[in-house]
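Read off the chains here:
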Amino acid sequence: MRKFAVAVTLCLGIVAIQCEQKPKDTNFLITKSSIGKLDKSSLARDLEVIFEEDSIVKDTARLLVGFGAKKIDIYEKGGKHLLTLTPSSDSIPTIENVRIQDSRFKTDLGLGLNSTFKEIKDKYSLGKIITSTNNVVVFIKNSDLYFTIDKAELPSSLRYASSVNIEAVQIPDDAKIKYMMLGWE
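Rules used throughout
- Residues numbered from 1 in each chain as written.
- Predicted model: local features only at pLDDT ≥ 70, side-chain atom pairs only at ≥ 80, totals over all residues.
- Heavy atoms only, no water.
- Helix = DSSP H or I, 4+ residues; strand = E, 2+ residues; numbered from the N terminus.
- Contact = heavy atoms within 4.5 Å.
- Areas by Shrake-Rupley, 256 points an atom, 1.4 Å probe, with all protein chains shown as cover.
- Salt bridge = Lys/Arg side-chain N within 4 Å of Asp/Glu carboxyl O.
- Buried < 20%, exposed > 50% of the residue type's maximum accessible area, 1.4 Å probe, protein only.
- Pairing = 2+ DSSP bridges.
- Axes fitted to C-alpha atoms, helices over the stretch in contact; angles between N-to-C directions.
- Phe/Tyr/Trp six-rings, centres within 6.5 Å; stacked < 30°, edge-to-face > 60°.
- Core = buried A, V, L, I, M, F, W, Y, C linked by side-chain atoms within 4.5 Å.

A. Molecular detail of the overall build of the protein. Per the secondary structure count, the protein includes five helices and 12 strands. If you take every contact in the protein between residues at least 6 apart in sequence, the share linking residues at least 24 apart comes to 43%. Accessible area for the protein stands at about 11600 Å²; split by element, carbon and sulfur atoms hold 53% of it.

B. Region of interest: the pattern of salt bridges. Applying the stated rule across the entire model yields eight salt bridges. A salt bridge links Glu76 to Arg104, with the nearest nitrogen and oxygen atoms 2.9 Å apart. Taken together, the residues Glu76 in the loop between β5 (72–75) and β6 (81–87) and Arg104 in the loop between β7 (95–100) and β8 (106–107) connect sequence positions 28 residues apart. Among the salt bridges present, the one from Asp122 reaches Lys118, with a minimum N-O distance of 2.8 Å. Remark: Lys118 and Asp122 occur in helix α4 (residues 117–123); sequence separation between them is four residues, near one turn of the helix. Here Lys118 falls in the partly exposed class, since its relative accessible area comes to 37%. One connected set of salt bridges, linked through shared partners, spans Glu76, Asp102 and Arg104.

C. Looking closely at the sheet that holds β7. What the eight strands build is an open sheet, ordered β4-β5-β6-β7-β12-β11-β10-β9; its pairing is antiparallel. The outermost strands of the open sheet, each flanked by one partner alone, are β4 (55–58) and β9 (126–131). Taking each pair of neighbouring strands and ignoring which way they run, the sheet shows an average axis angle of 20°. Summarising the sheet, β9 and strand β10 (residues 135–140) pair through four bridges and their orientation is antiparallel. Pairing of Ile129 across the sheet is with Val138, part of β10.

D. Spatial organisation of the packing of aromatic side chains. For the structure on display, the rule yields two aromatic pairs. Ring centres 4.9 Å apart and planes at 65° place the aromatic pair Phe28 and Phe105 in the edge-to-face group. Taken as a pair, Phe28 in the loop between α1 (2–20) and β1 (29–30) and Phe105 in the loop between β7 and β8 lie far apart in primary sequence, 77 residues in all. You can call Phe105 buried: its relative accessible area is 3%.

E. Local environment of the nonpolar core. By size, the foremost hydrophobic cluster in this structure holds 38 residues, and its most contacted members are Ile35, Leu38, Leu83, Leu85, Val98 and Ile171. When sequence neighbours within four positions are dropped, the list of residues in contact with Leu38 reads Ser33, Leu47, Ile50, Phe51, Leu85, Ile95, Val98 and Trp184.

F. Layout of the environment of Tyr179. With respect to the element layout, Tyr179 can be found in strand β12 (residues 179–183). Among the residues examined, Tyr179 registers a relative accessible area of 25% and is labelled partly exposed. Tyr179 sits 44 residues away from Asn135 along the chain, and the two C-alpha atoms are 10.0 Å apart. Once you skip the residues sitting within four places of it in the chain, Tyr179 turns out to touch Arg99, Leu113, Tyr146, Phe147 and Thr148.

G. Geometry of the environment of Asp108. On the secondary structure map, Asp108 appears in the loop between β8 and α4. Contact partners of Asp108, with chain neighbours within four places excluded, come to Leu29, Ile30 and Tyr124.

Rendered as C-alpha cells:
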C-alpha cells in the first residue's frame, strides 16, 4: 500500500510540473508552414495586423505609382531587422519569399543564421545545390527552406569558377550561412 501511495504521489508531482511548464515561444520558430507570426497562407494586405507591434517598411515609390511593394521589411519597434518579405504578383498577393534577417529565428531542429553547413547536413537531407557567380545555394529536401553560402567560404580552387557544379562534399563543414530563406509558392 505504501508503494502505491508513493507511486501516486510521484505521478501527481510529474503531472503538476508538466502543467507548470510555459508554452513554447513560437515568435521566432520556423516551421514548414510558418515563420514566427507569419503563416504560409498570410495575405500581404494583412501584414499590418500580423505585425501590429512591429514596424513595416515598404517601397513608397512603387506604392505611389500604384504598384504593390516589391520588398517589405519587418523591424522590431527597437529597430532590429527581422524579415524581408517578397509578395507574389497575384491579384490577391500572398508572401512568396522570406529572407530571415534575425538570428533568433530557428527551425524546430535549431538551425538559424549562425549555423554552419555541417549543422545543415547533419539535421536535414540535402536536395539540390546550385552554383552562381558569388554564392552556392543549398536546398533542403521536402522543405521550402534554403540557404546561401558565400563562395568565399569555399576552398580557393572553387571560388572563382562559375561554371563548376559544386557538390556537398566540396563545401567545408565550418562554412557559414550568408542568407537563410523560405520560398513559398
